[in-house]
Protein chains: 4
Amino acid sequence: MDTFGQKFKVSLFGESHGRGIGAVIDGIPAGIPLSEQDFTEDISRRKSGAKGTTPRIEDDKPEILSGVFGGKTTGAPLAVIFRNNNTRSSDYEIFKEKPRPGHADFAAGVKWNNFNDPRGGGHFSGRLTLPVVAAGVIAKKVLEDVCINARLVEVGGVSGGEEKWREALDQAIRDGDSLGGIVECSIEGVPAGTGEPFFDSVESMISHAVFSIPGVRGIEFGDGFHAAGMKGSEHNDPIVSETGHCLKNGAGGVNGGLANGNPIVFRVAFKPTSSIRKTQTTYDFTTGKMEELAIPGRHDVCFALRTPVVVEAMAAIVLADLMLR
Amino acid sequence: MDTFGQKFKVSLFGESHGRGIGAVIDGIPAGIPLSEQDFTEDISRRKSGAKGTTPRIEDDKPEILSGVFGGKTTGAPLAVIFRNNNTRSSDYEIFKEKPRPGHADFAAGVKWNNFNDPRGGGHFSGRLTLPVVAAGVIAKKVLEDVCINARLVEVGGVSGGEEKWREALDQAIRDGDSLGGIVECSIEGVPAGTGEPFFDSVESMISHAVFSIPGVRGIEFGDGFHAAGMKGSEHNDPIVSETGHCLKNGAGGVNGGLANGNPIVFRVAFKPTSSIRKTQTTYDFTTGKMEELAIPGRHDVCFALRTPVVVEAMAAIVLADLMLR
Amino acid sequence: MDTFGQKFKVSLFGESHGRGIGAVIDGIPAGIPLSEQDFTEDISRRKSGAKGTTPRIEDDKPEILSGVFGGKTTGAPLAVIFRNNNTRSSDYEIFKEKPRPGHADFAAGVKWNNFNDPRGGGHFSGRLTLPVVAAGVIAKKVLEDVCINARLVEVGGVSGGEEKWREALDQAIRDGDSLGGIVECSIEGVPAGTGEPFFDSVESMISHAVFSIPGVRGIEFGDGFHAAGMKGSEHNDPIVSETGHCLKNGAGGVNGGLANGNPIVFRVAFKPTSSIRKTQTTYDFTTGKMEELAIPGRHDVCFALRTPVVVEAMAAIVLADLMLR
Amino acid sequence: MDTFGQKFKVSLFGESHGRGIGAVIDGIPAGIPLSEQDFTEDISRRKSGAKGTTPRIEDDKPEILSGVFGGKTTGAPLAVIFRNNNTRSSDYEIFKEKPRPGHADFAAGVKWNNFNDPRGGGHFSGRLTLPVVAAGVIAKKVLEDVCINARLVEVGGVSGGEEKWREALDQAIRDGDSLGGIVECSIEGVPAGTGEPFFDSVESMISHAVFSIPGVRGIEFGDGFHAAGMKGSEHNDPIVSETGHCLKNGAGGVNGGLANGNPIVFRVAFKPTSSIRKTQTTYDFTTGKMEELAIPGRHDVCFALRTPVVVEAMAAIVLADLMLR
């Protein structure tokens, strides 16, 4: 389903090259100040234009259709839409016949009997993360005292920051290849007890939302995969105050599925962009043979560069939902 | 919520030391042969008794209360319950005052104003995975042509198999400490196209279910975290046949959130058991000071040993739900 | 689905002549005093034994399996089960071949390929209203300041009370026939604003729950069907105070789907019991012909007599859910 | 919530005098031919303009934003929006102070702390039934072999048809008063077995959807309220064929909550329009006294005239959801 959440409910729609994309957000408390300008900052963090991102530039202007009156949310569902302007659909016509490795082309065609919109990946495009960011802006407003920060900590296997990544990006651009990355997100201010046993644990809900971002390969909380090799005496977090504050945070802020009052910390692994100029092989359904495929179009060399704000938005959506419950 | 799934819906209830625990499973197709004996094999895989597991032995006998008639499922909800027999609740009385590091004691107390049942972790106990296994047995029957296999691939940071792990386990037992582990799960036979955009991707649903297992710290699909350091030309899976078969499986069987017909492969990191004999420090709510805590009771040294069948059950529940949609 | 509610979530299971029936209730706030004795009064109001009700007497003893600790709800799901003792399943064997008019026999057989449990109506039996009543008892406790009263206002087309109905009941017993009835329910203390636009209006949720009671044919709020023949100036309720109190209550306490602070009033029409001794005709799937059918067994002549407490329970479940949202 | 359905999921948004209203419909099977012209007929049946309806005329032109490609549904969510053009918001400014009897003004103000959009009833306006009709058009296409017909059978207490109603309408117009009406809906072609025990019976789901239409006071199936006064031998429907066909249809096509293969028949009571020119009294929150109120604006004298297509849409949405399950 394209809907997530019980109390703060986000429904997405749209295709990359269709008329528009958007979200309907239900369950927003009444009285929160909100205007279309409030989306600007987070939307610009997701925008392309920097080194390693696609030259397709959309204006990404939100239009709020409902749910705001007199500059404040009304309590009724808020619909926000974005028009698609800068599309070049001719680029995509061949991918029903020659599905792109790493893309949904093949699986979506099977699922929907080839009635799916193939242009720009259609409904499976990363463009759908734009209304996610919009919903995240609203969720962050709901979460007044919660502070969410996601940042890129690794690109192409290199940690350390932009200067170190530049070289790897330049090389990938020259090679017509692509890179992945790792995003770390830290959330402060979530009250202890947030989360629901058994199935709607904080980690369950965050991972559910995060894995819906196209291109995610893994998620880990606190000590993460490293914890599997630790001893209990190393991994356990000693509690040091009546607010539950811990000396260390190996659990990443969650015990038994519930927030324990410490920062919630998780890392997300993004794969390298699937669309590359470099020649690959794929199955051609018209010839019935393996054929070479070089993907022209306009693509991010490393889409992970644009994802920290998307990860933040997903975390905000989850926490708004859990905290409003 | 303690309910998971839309079409194959599992609701859990129970506490570790209460009268009993169980599950109600709704949405089981009518006419599937099922008896209480069918649960035996998977339940025994979850049982304690082996080196590194708790000496608390429960008989874990399922009683089916409804939903089966004449040896076949009826289409109506199936309730299965397990009585708790072997409980020693006196062990747990102090943990409201001195919450155990790594446990839900503190967060659950905050959430439920200390009305939560603290005995054996109450509703947050790993014992809740018993009805999960039972639901998994039924889900596997629903998934006739799907084959799910989970196995432990690492214990205490050591890969390679039981003989190598024995030493690490012996050492941890001697130290009064505990170990974690990594489980790998592989699923064959899931039809291409299974899964739902945008939010109910295969990875989203599996990770949601898996992170509800107590003690999970991370999950990754296919190349997983390693993918973040790969190039697109390395990570992409070349399609080689009209059934979508790929030369390699870096995506772990999922593209754009949909199964692509290749095996679905994921790995789960389990933390070391939180309850250890070794002395730890924690906050004492009665004295208002840090105090030492040694947890007696009966605990697994490495509960990850018992989890492969639980991971299988969760995968089965998710896929039964997605495929019945 | 056998589950109702978002925040106060009731899942039912069981068959009339199976091992047992029950409910799992999730979302109960922690700290509410509750024991098995608390169910006694409402369960006894649903019991048979009075004139016009079935001679099948079950002890209807609840067993709480989980969710209560130290005499108070814990916040975790509460499971309550009832064993079936007094069953005579031989009575029901023929109804797969000769479906009883007015019963689910035929439709359930089609739905579940005849794997449904036919004994006593199986999962479609009115016996399922027993765990509904139990869930209602808990819901009423959640709704501290809300007062719910349902009573029978008409039996067999006769209004006015037990004495007047006795004659009609006696006649129906003599004839081997059955009677219907009308229940009126009034609810005081629901805060103005309760309910959710657009789909989860107070009337939508109450009617949803009430129509799941077997044998309901209609429901109306306030002036009900009569309102369709009134003028706006007659039907509108003039507001007379700042708490929204109205001079009259033609709307039955709901405007725009939201409670308006006045008593919520609705009436429910119950059909006459479908199982009658009197000879009827039905299709015989073995002979392929219309055949006569006289239903022996033990049945209520007027099951509506037992339903006021069930209607109350449904109203309580709905309001607990809406008010906890 | 503003979302209905599990498999065929409709989410509504919008306010009467805001920028626009619309629906997102998720779960539409791929490959159904659909264009904006397909909405014309049903939308025109809901339009105003006839005697007894409001002079506010909107062009009600649908714009499909997503979910259709090459003239066919894609399987992805379909968003359809309608702009509001013909609004006169000044008419509504006083109703926060002087809530209109029979309207949601007071209850919505309480619910949303007066942040609700009051113009034209805001989100509580009957205008929201426009996207419902649009969703119904799509649902009808999903239900290929199902035939749904709703028609007005009574206006202002008068049955019999347009000619007889004209006089009552003329009189109400002259008086500045309003009338109600009764709509009957008949549905053929629903397969026996459709519906879900226990809570999602056919009647439960239809009544849930129907009571979300503004202004409904009651619903009854088959013999309806009349059944409460019948004997079992009169009300029961004798089965006469192996397809479950009955001699009569007192149950309205539903037994045990499941469709039994006979036409599903129900009647819906609509109240008279709440907004009337005739002077009423209401509480004035500024003066703290009862004050007179005459509602100018542009309103239907009998909005029930416009509802048959809305009732059909709701029935179609419910059945599409139940049948796709």
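What you see is a predicted model; the values in this text were computed from it and never measured. (Residues numbered from 1 in each chain as written. Chains lettered and ligands numbered in written order. Predicted model: local features only at pLDDT ≥ 70, side-chain atom pairs only at ≥ 80, totals over all residues. Heavy atoms only, no water.)

Colleague: How would you sum up the relation of the copies chain C and chain B? Please name residues and give values.
Modeller: When chain C is fitted onto chain B, the two copies agree to an RMSD of 0.0 Å after a turn of 180 degrees and an axial shift of 0.0 Å. When the rotation and shift are considered jointly, the pair of chain copies conforms to a two-fold rotation axis. When the interface residues of chain C are mapped onto chain B, 100% of them again fall at the interface, so both copies present the same face. (Least-squares fit on C-alpha atoms with pLDDT ≥ 70 in both. Contact = heavy atoms within 4.5 Å.)

Colleague: Mind laying out the relation of the copies chain C and chain D, listing which residues take part and the relevant values?
Modeller: Rotating chain C by 180 degrees and moving it 0.0 Å along the rotation axis overlays it on chain D with an RMSD of 0.0 Å. With an isologous cut-off of 70% or more, the 100% of interface residues of chain C that recur at the interface of chain D puts this contact in the isologous class.

Colleague: A description of the state of the cysteines should follow, citing residues and the corresponding values.
Modeller: Here a disulfide denotes a covalent bond joining the sulfur atom of one cysteine to the sulfur atom of another. Per the counting criterion, the structure on display carries 0 disulfides over all chains. Of all cysteine sulfurs in the structure, the one in C:C185 sits closest to C:C302, which takes part in no disulfide; the separation is 18 Å. Relative accessible area serves as the criterion here: at 0%, C:C302 is assigned to the buried category. Free cysteine: D:C147, not disulfide-bonded; nearest cysteine sulfur from D:C185 at 9.8 Å. (Disulfide = S-S within 2.5 Å. Buried < 20%, exposed > 50% of the residue type's maximum accessible area, 1.4 Å probe, protein only.)

Colleague: Could you give an account of the packing of aromatic side chains, naming the residues involved and the relevant values?
Modeller: We describe a pair of aromatic rings using the distance from one ring centre to the other and the angle between the two ring planes. Residue and element names in this part refer to chain D. Inspection of every chain in the model, using the stated rule, returns 34 aromatic pairs over all chains. Taking the centre distance of 5.5 Å and the plane angle of 35 degrees together, the rings of F221 and F266 count as tilted. With F221 in strand β11 (residues 216-221) and F266 in strand β14 (residues 264-270), the pair connects residues that are 45 residues apart, well separated along the chain. Judged on exposure class, the residue F221 and its partner F266 are both buried. (Phe/Tyr/Trp six-rings, centres within 6.5 Å; stacked < 30°, edge-to-face > 60°. Helix = DSSP H or I, 4+ residues; strand = E, 2+ residues; numbered from the N terminus.)

Colleague: Describe the interface of chain C and chain D, naming the residues involved and giving the relevant values.
Modeller: Opposite the 99 residues of chain C that make contact, chain D presents 99 residues. Note on chain C versus chain D: buried area summed over both sides is about 7500 Å², and carbon and sulfur give 64% of it. Put simply, chain C and chain D have 4 salt bridges between them. If you look at where chain C meets chain D, you find 39 residue pairs in polar contact (both at pLDDT 80 or more). By residue number, the principal contributor to the side of chain C that touches chain D is strand β11 (residues 216-221) of chain C, which donates 6 residues. In terms of residue class, the side of chain C that touches chain D is made up of 47 nonpolar, 37 polar and 15 charged. Across 3 bridges, β11(C) lies against β11(D) in antiparallel orientation. Bridging from a neighbouring strand, C:G218 pairs with D:E220 of β11(D). (Buried area = accessible area lost by both parts, 1.4 Å probe. Salt bridge = Lys/Arg side-chain N within 4 Å of Asp/Glu carboxyl O. Polar contact = N/O pair within 3.5 Å; in protein donor to acceptor, adjacent residues only side chain to side chain. Nonpolar A, V, L, I, M, F, W, Y, C, P; charged D, E, K, R; others polar. Pairing = 2+ DSSP bridges.)

Colleague: Describe the pairing of strand β14 (residues 264-270) of chain C, listing the residues and the values that go with them.
Modeller: Moving residue by residue along a regular strand, the side chains alternate between the two faces of the sheet. Residue and element names in this part refer to chain C. Most of β14 is tucked away: 7 of the 7 residues are buried. Going residue by residue along β14, you find I264, F266, V268 and F270 tucked away on one face and V265, R267 and A269 tucked away on the opposite face as well. The pairing of strand β10 (residues 181-188) with β14 spans 7 bridges and is antiparallel. In the strand pairing of β14, V183 is matched with V268.

Colleague: Account for helix α4 (residues 162-175) of chain B, naming residues and giving values.
Modeller: Helical geometry note: an α-helix holds 3.6 residues per turn, so side chains three or four residues apart project in the same direction. Residues and elements named next belong to chain B. With 14 residues, α4 extends 20 Å between its outermost C-alpha atoms, agreeing within 8% with the 20 Å of an ideal straight helix rising 1.5 Å per residue. Turning to α4, its buried residues number three or more, namely W165, L169 and A172. Down the axis of α4, the buried side of the element spans an arc of 60 degrees, and every buried residue falls inside it. α4 presents E163, K164, E167 and R174 as exposed residues on the side facing more than 90 degrees away from its buried surface. Elements in contact with the buried residues of α4: β8 (147-155) and β9 (158-159). The positive-phi residue at the C-terminal boundary of α4 is G176, with phi of around 65 degrees. (Expected span 1.5 Å × (residues − 1). Arc of directions from axis to C-beta.)

Colleague: I'd like to hear about the confidence of the model for chain A, residue by residue, with values.
Modeller: Per-residue pLDDT for chain A has a mean of 94; in total, 98% of the residues score no lower than 70. Predicted as a complex, the structure gets a pTM of 0.97 and an ipTM equal to 0.97. (pLDDT = per-residue confidence, 0-100.)

Colleague: Quick one: what's the story with the environment of B:C246, residue by residue and with numbers?
Modeller: Structurally, B:C246 is set in the loop between α6 (232-235) and β12 (254-255). Each C-alpha atom, one on B:C246 and one on B:D300, is 40 Å from the other, the two residues being 54 residues apart in sequence.

Colleague: Could you give me a rundown of the pattern of salt bridges, with the residues and numbers involved?
Modeller: A pair can form between side chains of opposite charge whenever their charged atoms are brought close. Counted by the stated rule, this structure contains 91 salt bridges over all chains. Residue C:D177 is joined to C:K278 by a salt bridge in which the shortest nitrogen-to-oxygen separation is 3.5 Å. One end of the pair, C:D177, is in the loop between α4 (162-175) and β10; the other, C:K278, is in the loop between β14 and β15 (280-284), and 101 residues separate them in sequence. On the basis of relative accessibility, which here comes to 35%, the residue C:K278 falls in the partly exposed class. Put simply, D:R267 and D:E184 hold a salt bridge, and the shortest N to O gap is 3.0 Å. Of the two residues, D:R267 sits in strand β14 while D:E184 sits in strand β10 (residues 181-188), which places them 83 residues apart along the sequence.

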